[in-house]
Amino acid sequence: GKTTFLNLLTGKIQPDSGNIKTGINTAFGYYQQNPQMELFKEGTAIPTVLEYIQEAAEVITLNNGKTLSAARLLEQFGFEGRVQYSPVTTLSGGEYKRLYLVRLLMGNPNFLVLDEPTNDFDIFTLSILESFLEGYGGCLVIVSHDRYFMDKTADTLLILDGEGNVSGFVGSCSEYNQIQKENSKEKQKEEKQEKKQTQI
């Protein structure tokens, strides 16, 4: 259901009923849960890692006004030196997923959607991504089972109850879970008291 919601949000699929209105200047950057290696047509030149990123943009402007070149952002995400001039097809699956994220970020989206990003990345990549997101000035929607990552990157939660209802919670994932536990304890206490009164 969560991935379906993200696909609806980003226009990958259309709703069965109702409609979704997207802002005129909204530029989505959608990191899908299982990005597939891009297939290059036979006989065409295979781009290097750097060329692949420069196809999206050569420079990105950060929230603080500073600019970052494609080569510099690649370095931040662990693609240093000669690897930038290696063909994309020589990368491992994990490296390609990291490259896919860099290309997404170079597109300078103002609405970034990340579907289970912590499934694919090692601790190094996650720490770099967390640092990048701290300075990200656009709208950010994350689906993740990683509570630690959520606590570091999200300050508001969308709660999908499984019945088609969505509610909001301002606070971290850990804070929400703590409140849920307290509410559950309070409910159990009330049920015990009601049971005692019924027995009397």
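Preceding this section is the structure that the text describes.
Below, the structure is looked at part by part.

Thresholds applied
- Within any chain, residue numbers begin from 1 and follow the written order of that chain's sequence.
- Only residues with pLDDT of at least 70 get local features here, since the model is predicted, and only at 80 or more are side-chain atom pairs given and counted; chain-wide, interface and lining totals rely on the full set of residues.
- The side-chain values count all of the structure's non-hydrogen atoms but skip hydrogen atoms and water molecules.
- A run of DSSP states H or I qualifies as a helix once it reaches four residues; a run of E qualifies as a strand once it reaches two. Both are numbered from the N-terminal end.
- Both definitions apply: the radius of gyration is a C-alpha atom measure, and the globule rule equals 2.2 Å times residues to the power 0.38.
- Relative accessibility thresholds used throughout: buried, under 20% of the residue-type maximum; exposed, over 50%; partly exposed, between the two (1.4 Å probe, protein chains only).
- Residue-level accessible areas treat just the shown protein chains as cover; the underlying method is Shrake-Rupley with a 1.4 Å probe.
- Only four residue types enter the tally: Lys and Arg on the positive side, Asp and Glu on the negative side, with His and both chain ends excluded.
- For this purpose, a charge sits on NZ of Lys, CZ of Arg, CG of Asp or CD of Glu.
- A pair of strands is considered paired only if DSSP assigns at least 2 bridges between the two.
- As a rule, the C-alpha atoms of each element are fitted with a line to give its axis, helices using only the stretch in contact, and angles between N-to-C directions run from 0 to 180 degrees.
- Cavity and pocket criteria rest on a 1 Å grid covering protein atoms alone: a 1.4 Å probe that fits but cannot get out defines a cavity, protein on both sides within 12 Å along at least 5 of 7 lines defines an open pocket, and an atom within 4 Å of a point defines a lining residue.
- Grid points are joined across faces, edges and corners, and a volume is the space filled by probe spheres set on the points.
- Residues were grouped as follows: Ala, Val, Leu, Ile, Met, Phe, Trp, Tyr, Cys and Pro as nonpolar; Asp, Glu, Lys and Arg as charged; and all remaining residues, including Gly, as polar.
- When a carboxyl oxygen of Asp or Glu is within 4 Å of a side-chain nitrogen of Lys or Arg, the pair counts as a salt bridge.
- Throughout, a contact is declared for two residues whenever any of their heavy atoms are within 4.5 Å.
- The rule is short: rings of Phe, Tyr and Trp, with Trp giving its six-membered ring, pair when the centres are within 6.5 Å, and they are stacked under 30 degrees, edge-to-face over 60, tilted in between.
- Two thresholds decide whether a charge sits over a ring: the Lys NZ or Arg CZ must be within 6 Å of the ring centre and within 35 degrees of the ring normal.
- We call a pair of cysteine sulfur atoms a disulfide when they lie within 2.5 Å.
- Multiplying 1.5 Å by the residue count of a helix minus one yields the expected span of that helix.

**Description of the overall build of the protein**
Along its length, the protein carries seven helices and seven strands. For 200 residues, the compact-globule formula gives about 16 Å, and the C-alpha radius of gyration of the protein, at 22 Å, lies well above that figure. In terms of its C-alpha atoms, the protein occupies a principal-axis envelope of roughly 85 × 40 × 35 Å. Relative to its 200 residues, the protein shows a buried fraction of 34%. When the accessible surface of the protein is summed, it comes to about 12900 Å², and 48% of that surface belongs to carbon and sulfur atoms. Between the centroid of the 19 positive side chains of the protein and the centroid of its 26 negative side chains there is a distance of 5 Å.

**Some points on the sheet that holds strand S5 (residues 139-143)**
Two orientations exist for strands paired in a sheet by backbone hydrogen bonds: parallel and antiparallel. Read across the sheet, three strands follow the order S1-S4-S5 without closing on themselves; strand pairing throughout is parallel. A strand with exactly one partner marks an edge of an open sheet, and here the two such strands are strand S1 (28-31) and S5. Within this sheet the neighbouring strands show an average axis-to-axis angle of 10°, counted without direction. Here S1 pairs with strand S4 (residues 111-115) via four bridges, running parallel. Residue pairing in the sheet places glycine 29 in a bridge with leucine 112 of S4.

**Overview of the layout of surface pockets**
Taken as a whole, the largest pocket holds about 700 Å³ of empty space. Along the wall of the largest pocket there are 23 residues; nearest its centre are Ile142, Val143, Met150, Leu157 and Leu158. Contributing elements (two or more residues each) for the lining of the largest pocket: helix H1 (2-9), S5, helix H6 (147-153), strand S6 (156-160) and helix H7 (173-199). For the lining of the largest pocket, the element with the highest residue contribution is S6, accounting for five residues. When its residues are assigned to classes, the lining of the largest pocket shows 14 nonpolar, five polar and four charged.

**Description of the pattern of salt bridges**
Applying the stated criterion to the full structure yields three salt bridges. Linking arginine 103 and glutamate 55 is a salt bridge whose minimum nitrogen-to-oxygen distance equals 2.9 Å. With arginine 103 in helix H4 (residues 93-106) and glutamate 55 in the loop between helix H2 (49-54) and strand S2 (59-61), this residue pair connects regions lying 48 residues apart in the sequence. Across the pair lysine 152 and glutamate 130 runs a salt bridge whose closest N-O atoms are separated by 3.4 Å. Here the residue lysine 152 occupies a position in helix H6, and glutamate 130 occupies one in helix H5 (residues 123-134), the gap between them amounting to 22 residues. Taking the relative accessible area as the measure of exposure, lysine 152 reaches 40% and is therefore partly exposed. According to the relative accessible area criterion, glutamate 130 is buried, its value standing at 9%.

**Looking at the environment of alanine 27**
When you line up the elements, alanine 27 lands in the loop between H1 and S1. Overall, the relative accessible area of 33% leaves alanine 27 in the partly exposed class. Taking C-alpha positions, alanine 27 is 8.3 Å from leucine 112, a pair spaced 85 residues apart along the chain. Apart from residues no more than four positions distant in its own chain, alanine 27 is found in contact with Pro109, Asn110 and Phe111.

**Points about the packing of aromatic side chains**
This structure, assessed with the given rule, holds five aromatic pairs. With a centroid separation of 5.3 Å and an interplanar angle of 65°, the aromatic rings of phenylalanine 169 and tyrosine 176 are classed as edge-to-face. In this structure tyrosine 176 comes out as buried when scored by relative accessible area, which is 19%. One aromatic cluster in this structure is built from Tyr31, Tyr100 and Phe121. It is arginine 98 that lies over the ring of phenylalanine 79; its NZ or CZ is 4.7 Å from the centre.

**Some points on the state of the cysteines**
Overall, the coordinates contain zero disulfides when judged by the stated rule. Cysteine 173 supplies the cysteine sulfur nearest to cysteine 139, a cysteine that is in no disulfide, at a spacing of 18 Å. A relative accessible area of 17% means that cysteine 173 is categorised as buried.

**Topic: H5**
Think of an α-helix as turning once every 3.6 residues; residues three or four places apart then point the same way. Given a rise of 1.5 Å per residue, twelve residues ought to cover 16 Å, and the 16 Å separating the end C-alpha atoms of H5 matches this to within 8%. Residues of H5 that are buried include every one of Thr125, Leu126, Ile128, Leu129, Glu130, Phe132 and Leu133, and no others. Along its buried surface, H5 packs onto S2, helix H3 (70-76), H4, S4, S5 and H6.

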